Structure formats: C-alpha cells, structure tokens
Amino acid sequence: MQRKIIHVDCDCFYAAVEMRDFPHLQGKPVAVSGTSLRGVLSTCNYEARAFGLHSAMPTHKAVALCPHVILQPHRFDAYREASERIQAIFLQYTDTIEPLSLDEAFLDVTGSDLFSGSATLLAQHIRQQIEKEVGITVSAGIAPNKFLAKVASDWNKPNGSFTISPAHVERFVYQLPVKKIFGVGAKSAERLKLFGIETCGDLHDHSVTELVNQFGKSGLRLYELSRGIDDRPVSNDRTRKSLSIEHTFNTNLPTLGACLGKLPNLYETLISRLKKKQDLGIRSLFMKIKYADFRQTTIERCLPLDSGSYQSLLLSALKDHHQPVRLMGLGVRFKDDDKNQLSLF
Ligand code: TTP
Ligand code: MG
C-alpha cells in the first residue's frame, strides 16, 4: 500500500519557545546561545536570519553582523516540555511516530480516515492544534515516503506546508538539487558536480552499476532516492543513542586543576538532563575537549556513571595536550536496544 507520511519540524524551535515565553522578544532578532561571546548559536529566529545569522555561527560573528541581536540563554526544560506536548498531540492521530530530535518527527498516517483520508488536511489540522496548544508554529511535509516528506517540510518554512502527491513525485525529484538528499553534504555535492551531477534528474542519466562503481554502497541509495524511492518505514522503536552537554568557557582554562574545578557543575547539568533517560541503560561515557587552538578530542570508555569516571576521562584527554581548554563536554552513550533484542534469540 502507498504510505502517507507527514514530517513535522518546528520553526526556529528554541527561539520560538523563547518568544512564546518572553513576548517582548517578538518581532526582534533573537538568538539562543547563552550569553558568552565565545560559543556558537544553537538557533535564531527568522528576524535574525534576515541578517545572515544561522545555527552553529560563532556568537561573536552573529553580534558583528547584527549588533542589536538579543542573546537568550538556553532553557532546555522548556524545550523538552514543548516537545513532549507536541508528541502528545501526534499520539492523538497515530501511534507510528519516529522522533528525530526534540523538534522534528515522522508520522505514518496511512491508516487514518480523518479528513476523508487526506494527509494534507490532517497535517494542517495538527499544525493548527500545535500553534493553539503549545504556542509555537511548525512546518509540515506530506509525501509517500520519509525522504520526500522531510524535503517537503523545508519547502515552505516557516509556518508552511508542502505536499508531494504520488502523482507528482517524478516531476518533483527531477529538478531537486542533490544536496537536498540526506547524507549528501557539501563535499559529496562537490564530488557529484565533477560528474556533471547537480540535480536528481542528472542522476537519472547514470545506471545503478555506474553509480555503485563510482560511489560504493551509497550509489544504490542515490539511484533510488533520485527517483523518489524510499522504503524505510517510520519506526517508533528508535531509541536515543547518546546524550551530552557542553560548555564553552568565558576564558580558557589554563590547567588541569581549573578543568577539574569545572567538572562538578557540568556533571550536575548532565545528570539533570539524564533524569528521565536512566532506564535506557548506559553503555559508555565520553568527554569532548576543545583546546585553545580549536583542535578537539573525544575520549570514550565503558565506565560507571559518576563524576570520578569523568575525572579519569579528563586526565586521559589532557595527558598529551598541554594546551589551555576552551570547551568541555560530557556525554553518555546508551545501549543499543535493537542489538539487545537480537541477542535474546
Ligand atoms: P533545526 O530544526 O535544525 O532548526 P530550527 O528549528 O531552530 O529552525 P528551522 O526553522 O530551520 O527548523 O533544529 C532544532 C533545534 O535544535 C534548534 O532550535 C536548536 C537546536 N540546534 C542546535 O542546538 N544546534 C544546531 O547546530 C542546530 C542545527 C540545531
Ligand atoms: Mg526546526
């Protein structure tokens, strides 16, 4: 049966929650970044994007481009709460939900008879309900598969939706730039360009054998996706693979002692974010360090979850690097549930 998939993605999610909770921010350029000039933006609202600001931009650069930007610190509890309310709304319409992050999810609504079976009208209804009950806007993509639904949710952003009906798939993908394919980043796009491939239509000129010879296993994926073929089901048993927090310090930490001094607070932050996830089972702990010269390292080990374990990770990370530390990050990796289940048989 032809699937009906909706991909929902919140508009400037963290910034939207800030504008909802602090109405004086509305209409002004706002970025969520913490107040330190040494970090990067997590996101910014569309008013700020008009000045060229975007996620992952260094905060000092953002301020240079838009001196009146308002920098908001993170409030992860508020984002998580908004995310949970949105998930609860999804559950009113389907059980087959695959969250990709706090702010986006796939919904398989193939079996829904609401709105005479129109996934487009159902998506519109869900978007309106989220705006009314959660107070932020979301965009939606409606399509016969996950790949196209995700591309479509980005098509009329913000606060918009776009439907790719089965009859229009072929025409739609033909002009679609290859960099819209998930996994084709700037580097792969450059490489494809060397072969004269810029759109999915350009890929149609190459046989599957040619593509596999040239690009290995991903050649097959390119062949299929460029034709709008994607059979991946919406999987609602996906579990989170890891969780981490990090902090860029106002001034670099010059010594191991200074780094150790920052550990307790970071550890507390991690634990408070982990509170609800403990039952997932932790496989390993990791620590990320960024040095003054911007080089970075991540050390991961199977250790018990306590602050002493992070101390030993920190010692290992700093053993061979005698550089001041600019950023420290603490994380946990969860056990892989799928693998656990398989090993039962
Ligand atoms: P996105 O959905 O990528 O971005 P967005 O919701 O802010 O904006 P858009 O309207 O384009 O969808 O990410 C969701 C949230 O994840 C975002 O609000 C903040 C966080 N995030 C980061 O912390 N760092 C990042 O580099 C990105 C891309 C997102
Ligand atoms: Mg988003």
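That block above? That's the structure.
No experiment lies behind these values; they were computed from the predicted model shown.

Visitor: An account of the packing of helix 11 (residues 208-215) against helix 12 (residues 217-225) is requested, with residue identities and associated values reported.
Guide: It is the contact of helix 11 with helix 12, at a shortest axis distance of 6 Å, that shows an interaxial angle of 140°. By the criterion of interaxial angle, the relationship of helix 11 to helix 12 is oblique. Of the two elements, helix 11 crosses helix 12, and the hand of that crossing is right-handed. Contacts between helix 11 and helix 12 pair Val-208, Leu-211, Val-212 and Phe-215 from the former with Lys-217, Ser-218, Gly-219, Leu-220, Leu-222 and Tyr-223 from the latter. Grouping the amino acids of the contact of helix 11 with helix 12 by side-chain chemistry returns 7 nonpolar, 2 polar and 1 charged.

Visitor: So what's going on with the pattern of salt bridges? Which residues, and what values?
Guide: Throughout the structure, instances matching the rule amount to 16 salt bridges. The salt bridge partner of Arg-80 is Asp-77, with a shortest N-O separation of 2.7 Å. One end of the pair is Arg-80 and the other is Asp-77, both in helix 4 (residues 76-91) and 3 residues apart, which spans about a single turn. Here Arg-80 falls in the buried class, since its relative accessible area comes to 15%. Residue Asp-77 is classed as exposed on the basis of its relative accessible area, which comes to 58%. Of the charged contacts in the structure, one is a salt bridge between Arg-221 and Asp-230, with a shortest N-O distance of 3.7 Å.

Visitor: Could you give an account of empty space enclosed by the protein, with specific residues and numbers?
Guide: Taken as a whole and assessed by the stated rule, the structure comprises 2 cavities of 30 Å³ or more. Of the volumes computed, that of the largest cavity is approximately 50 Å³. In terms of lining residues, the largest cavity is bounded by Val-8, Cys-10, Ser-83, Ile-86, Gln-87, Phe-90, Leu-102, Asp-103, Glu-104 and Ala-105. Those elements giving two or more residues to the lining of the largest cavity turn out to be strand 1 (5-10), helix 4 and strand 6 (104-108). With 4 residues, the top contributor of residues to the lining of the largest cavity is helix 4. Space inside the second largest cavity adds up to approximately 30 Å³. If you trace the second largest cavity, you find it lined by Lys-4, Val-109, Ser-112, Leu-114, Gly-117, Ser-118, Ala-119 and Leu-122. Of all the secondary-structure elements, those providing two or more residues to the lining of the second largest cavity are helix 5 (114-117) and helix 6 (119-134). Taken together, the residues that form the lining of the second largest cavity break down as 4 nonpolar, 3 polar and 1 charged.

Visitor: Give a detailed account of the sheet that holds strand 11 (residues 296-301), specifying residues and quantitative values.
Guide: Strands sit in the order 9-12-10-11 across an open sheet of 4 strands; the sheet is antiparallel. For this open sheet the edge positions go to strand 9 (242-253) and strand 11, each flanked by a neighbour on one side alone. Here the strands of the sheet are splayed against their neighbours by 15° on average, with no regard to which way each runs. Here helix 13 (residues 256-274) sits on the sheet in contact with strand 9, strand 10 (282-291) and strand 12 (325-334), set at roughly 150° to strand 9. This element, helix 14 (residues 307-319), spans strand 10, strand 11 and strand 12 of the sheet and lies at about 40° to strand 10.

Rules used in this analysis
Residues numbered from 1 in each chain as written. Chains lettered and ligands numbered in written order. Predicted model: local features only at pLDDT ≥ 70, side-chain atom pairs only at ≥ 80, totals over all residues. Heavy atoms only, no water. Axes fitted to C-alpha atoms, helices over the stretch in contact; angles between N-to-C directions. Helix = DSSP H or I, 4+ residues; strand = E, 2+ residues; numbered from the N terminus. Parallel < 35°, antiparallel > 145°, perpendicular 65-115°, else oblique. Left-handed = near helix turned anticlockwise from the far one by under 90°. Contact = heavy atoms within 4.5 Å. Nonpolar A, V, L, I, M, F, W, Y, C, P; charged D, E, K, R; others polar. Salt bridge = Lys/Arg side-chain N within 4 Å of Asp/Glu carboxyl O. Buried < 20%, exposed > 50% of the residue type's maximum accessible area, 1.4 Å probe, protein only. 1 Å grid on protein atoms, 1.4 Å probe; cavity = no way out; pocket = protein on both sides within 12 Å on 5 of 7 lines; lining within 4 Å. Points joined across faces, edges and corners; volume = space filled by probe spheres on them. Pairing = 2+ DSSP bridges.

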